[in-house]
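Each chain, written out:
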Amino acid sequence: GQSEQALGNFEKAAALFTILKNRQLGFTHYILLAGLYGSAGYFEKTDSVANEGIKFFKNQQLKSPMAELNEARLQYFILGMRAKYKEAEPFIRRAITAAYAMRPYRYDIVKRQRFDLIWNLMVQNRYFEAELEVRRTIDETIEVFGTQSIHSLEGMALLSQVLLGQ
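Residues numbered from 1 in each chain as written. Predicted model: local features only at pLDDT ≥ 70, side-chain atom pairs only at ≥ 80, totals over all residues. Heavy atoms only, no water.

Help me understand the environment of Val123, please; the structure alone is not making it clear to me.
Structurally, Val123 is set in helix α7 (residues 107-123). For the pair formed by Val123 and Gly165, sequence separation is 42 residues and the distance between their alpha carbons is 9.8 Å. (Helix = DSSP H or I, 4+ residues; strand = E, 2+ residues; numbered from the N terminus.)

When you look at the packing of aromatic side chains in this model, what are you seeing that I'm missing?
Think of a pair of aromatic rings as described by two things: how far the centres are apart, and how the planes are tilted against each other in angle. Here the structure, examined in full by the defined rule, presents two aromatic pairs. Their ring planes at 75 degrees and their centres at 6.5 Å tell us that Tyr37 and Tyr42 sit as a pair that is edge-to-face. (Phe/Tyr/Trp six-rings, centres within 6.5 Å; stacked < 30°, edge-to-face > 60°.)

Sorry if this is basic, but what is going on with the nonpolar core here?
One broad rule of soluble globular proteins: the nonpolar side chains tend to lie buried together. If you look at the biggest cluster of nonpolar residues, it comprises 26 residues, and the most contacted ones within it are Leu69, Ile118, Met122, Ala130, Val134, Leu158 and Val162. Where this core is concerned, the elements lending two or more residues are α5 (65-81), α6 (85-101), α7, α8 (127-145) and α9 (150-165). The greatest single-element share of this core, amounting to eight residues, is contributed by α7. When neighbours within four sequence positions are excluded, Leu158 is seen to be in contact with Phe115, Ile118, Trp119, Met122 and Val134. Counting residues in hydrophobic clusters, the runner-up holds 16 residues, among them Leu32, Leu33, Val49 and Ile54. (Core = buried A, V, L, I, M, F, W, Y, C linked by side-chain atoms within 4.5 Å. Buried < 20%, exposed > 50% of the residue type's maximum accessible area, 1.4 Å probe, protein only. Contact = heavy atoms within 4.5 Å.)

Interpretation in functional terms is not warranted from these geometric data alone.
In structure tokens:
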């Protein structure tokens, strides 16, 4: 699906993403299909797919941190596509909380959510808060992966973008 999207084959990409989404293989297929529709300007279809995913994760019998994470990610995704960054922020923070609660613990998932929060703060011109968040993220990343990991370097690159924005 992503290859077809990159090649500009919108209809084929949408068909492939829809097949995968209908097999309920997880968050990724909802977000890819919603993102495909959003990038083409089909916001009603974007909302429909994202809301279907939100409903799917809300209705899971055993509410797991992963279901909570995916539901929050879809919520902030559809708000972010409409530039409603302030409204999306609580969902990003909820996703971070859910990511920390996951077992087995995966810091790479936590880091991704924290990066989303930092970008969200930057587009709201809240650079001081973004700097505090990115520094916390770098500290945690170094603690988990060390100073030479790609994860730590990504955090440092993001810090440079935050500082440039200030």
